[in-house]
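# Coordinate inspection notes
Given next are the chains, with one letter for each unit.
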Amino acid sequence: MTEAILLVGGKGTRLRPLTVHTPKPMVPAAGVPFLTHQLARARAAGVEHIVLATSYLAEVFEPYFGDGSALGLHIEYVTEEEPLGTGGAIRNVASRLNSGPDEPVLVFNGDILTGLDIRALVRTHETSGADVSLHLTQVSDPRAYGLVPTDGTGRVLAFLEKPQTPEEIVTDQINAGAYVFRRSVIDTIPAGRVVSVERETFPGLLAAGAHLQGMVDSTYWLDLGTPAAFVRGSADLVLGKAPSPAVPGRCGDRLVLPTARVARDAKVEGGTVVGEGAFVAEGARVFGSTILPGAVIEPGAVVTDSLIGTRARVGERAVLTGAVIGDGAVVGARNELREGVRVWCDARIPAGAVRFSSDQ
């Protein structure tokens, strides 16, 4: 079976304060650490051996997943003492791979939620005879991404930096963060230093005449690098828009985990997750949000498209829209917090301290 490398060493800076105490791949999405969804989808595609390339808060992963047997996998862990970039991380775990020189090795970025047909990507790699194959997805506005144009057969022609002018937008195809490497290509990546596959490895291979193949699959793709995207991804998993065999329950309008409590007249919908031990009180309304374990939503509070951290508390009749509340933080009663606000872990906002409307 194909083996895989999962790149899970990033600091998740754009997701703070969610990642102050928790590495990004371990932040819960649809009731389980996001990494669980990636592992389960890889296993469903036939992968049996996965190496996790860890760095930030590396000590968290192995106690949770162990040897991977609970997921039907054999998982190994390799920790970078200093961050090595995407290419450096791949090279750093090469000694743990069992594949022969011409066999395929899957590589996944640890912050992408996708409906990619993994088996189809491997088939594309094998039938095309490529050295590296890339999952490409099409986006309506590619200005924030590097572009990957291909010819009529799918062969990659170039790797272009983020376009600055309309004339530079020559394709809507972008690198979607999943690859198949010929095992021998991994050994050509320089060892022991920072290497970016996007900026160094792939352009270098192309310049050397290597065959890089692109496969467009736009079924579902979301970069979970920002809080808003992470909340949306979790809701999409619950709603069934994003496929995963690891969602702990049936897909629907909400996911209430065991030991969580939701008052009878509270309204919880839009793909909301209520984590273990959390409580949504009477009259509260929660839509499209993630309520992490032990958090409390007090009576009459309205929480929309927000993430409420572990053991955090949202006060009575508070209104939150697009907010991120860190672990252990307290948002007092009648506060109004709008798009983009981040309340740090263990912070306390007094009752009625932040408002966008009159208090009358």
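Reference entry: report on the structure contained in this document. (Residues numbered from 1 in each chain as written. Predicted model: local features only at pLDDT ≥ 70, side-chain atom pairs only at ≥ 80, totals over all residues. Heavy atoms only, no water.)

### A word on the sheet that holds strand β16 (residues 279–280)
Sheets are built from strands that pair by backbone hydrogen bonding, the pairs being arranged parallel or antiparallel. Operational definition: Here a strand pair is declared whenever DSSP counts at least two bridges between the two strands. Here a strand is any run of E in DSSP of at least two residues, a helix any run of H or I of at least four, and the numbering for each starts at the N terminus.
Taken in spatial order, the six strands line up as β13-β16-β19-β22-β25-β28 in an open sheet, and their pairing is parallel. The open sheet has two free edges, formed respectively by β13 (261–262) and β28 (348–349), since each of these has just one partner strand.

### As for the sheet that holds strand β26 (residues 336–337)
Taken in spatial order, the five strands line up as β14-β17-β20-β23-β26 in an open sheet, and their pairing is parallel. At either margin of the open sheet sits one strand with a lone partner, and together these are β14 (267–269) and β26. The pairing of β14 with strand β17 (residues 285–287) spans three bridges and is parallel. Counterpart to Glu269 in the pairing with β17 is Phe287.

### Things to note about the nonpolar core
To keep things clear, this is the line we draw: Among buried residues, those of type Ala, Val, Leu, Ile, Met, Phe, Trp, Tyr and Cys that are joined through side-chain atoms within 4.5 Å constitute a nonpolar core. Throughout, exposure labels follow a simple rule: accessible area from a 1.4 Å probe, protein chains only, divided by the maximum for the residue type, with under 20% read as buried, over 50% as exposed, and the rest as partly exposed. Should any heavy atoms of two residues lie within 4.5 Å, those residues are counted as being in contact.
Formed by 29 residues in total, the largest nonpolar core has its most connected members in Ile5, Ile90, Leu134, Phe181, Phe202 and Leu212. Elements supplying a minimum of two residues to this core: β1 (3–7), β4 (49–54), α3 (85–92), β6 (104–109), β8 (132–138), β9 (173–182), α5 (183–186) and α6 (197–207). In contact with Phe202, not counting residues within four places along its chain, are Val132, Leu134, Phe159, Asn175, Tyr179, Phe181, Val197 and Leu212.

### Observations concerning the pairing of β6
For β6, the tally of buried residues reaches six of six residues, placing the bulk of the element in the interior. Judged by which residues are buried, β6 turns out to be covered on both faces: Pro104, Leu106 and Phe108 on one side and Val105, Val107 and Asn109 on the other are all buried. As paired elements, β6 and β9 share five bridges and run antiparallel to each other. Bridged to Val105 within β9 is Phe181.

### Some points on the packing of aromatic side chains
Our working rule: A pair of Phe, Tyr and Trp rings is counted when the ring centres sit within 6.5 Å of each other, with Trp represented by its six-membered ring. The angle between the planes then sorts it: under 30 degrees is stacked, over 60 is edge-to-face, the rest tilted. By definition, being over a ring means that NZ of Lys or CZ of Arg is both within 6 Å of the ring centre and within 35 degrees of the ring normal.
Counted by the stated rule, this structure contains seven aromatic pairs. On the basis of an interplanar angle of 65 degrees and a centroid distance of 6.4 Å, the ring pair of Phe34 and Phe230 is categorised as edge-to-face. Of this pair, Phe34 sits in helix α1 (residues 34–44) while Phe230 sits in helix α7 (residues 227–239), and the two are 196 residues apart along the sequence. For the pair Phe34 and Phe230, a shared accessibility class is recorded, and that class is buried. Connected via pairs of aromatic rings, a cluster forms that spans Phe159, Tyr179, Phe181 and Phe202. Looking at Arg261, its charged tip hangs above the ring of Phe279, at a distance of 4.3 Å from the centre.

### Here's the deal with α3
Those residues of α3 that sit buried are Gly87, Gly88, Ala89 and Ile90. Packing partners of the buried residues in α3 comprise β1, β4, β6, β9, α5 and α6.

### Some details on the environment of Gly233
Checked against the element boundaries, Gly233 lands in helix α7. Given a relative accessible area of 1%, Gly233 falls into the buried group. With 204 residues separating them in the primary sequence, Gly233 and Ala29 have C-alpha atoms 7.3 Å apart. Excluding residues within four positions of it along the chain, Gly233 makes contact with Leu113, Tyr220, Leu222 and Leu224.

### Quick look at the side chain of Thr36
Looking at the secondary structure, you find Thr36 in helix α1. Those residues in contact with Thr36 that lie beyond four places of it in its chain are Tyr64, Phe65 and Ala246.

### Some details on α1
For α1, a buried count of nine out of 11 residues is recorded, marking the element as mostly surrounded by other parts of the structure. Buried residues of α1: Phe34, Leu35, Thr36, His37, Gln38, Leu39, Ala40, Arg41 and Ala42, and no others. Directly beyond the C-terminal end of α1, a positive phi value near 105 degrees is found at Gly46.

### Digging into the pattern of salt bridges
Short version of the rule: Each salt bridge in this description consists of a side-chain nitrogen of Lys or Arg and a carboxyl oxygen of Asp or Glu lying within 4 Å of one another.
What the rule picks out here adds up to 10 salt bridges. One network of salt bridges, in which partners are shared, links Asp102, Asp131 and Arg182.

Treat this as a map of the structure, not an account of what it does.
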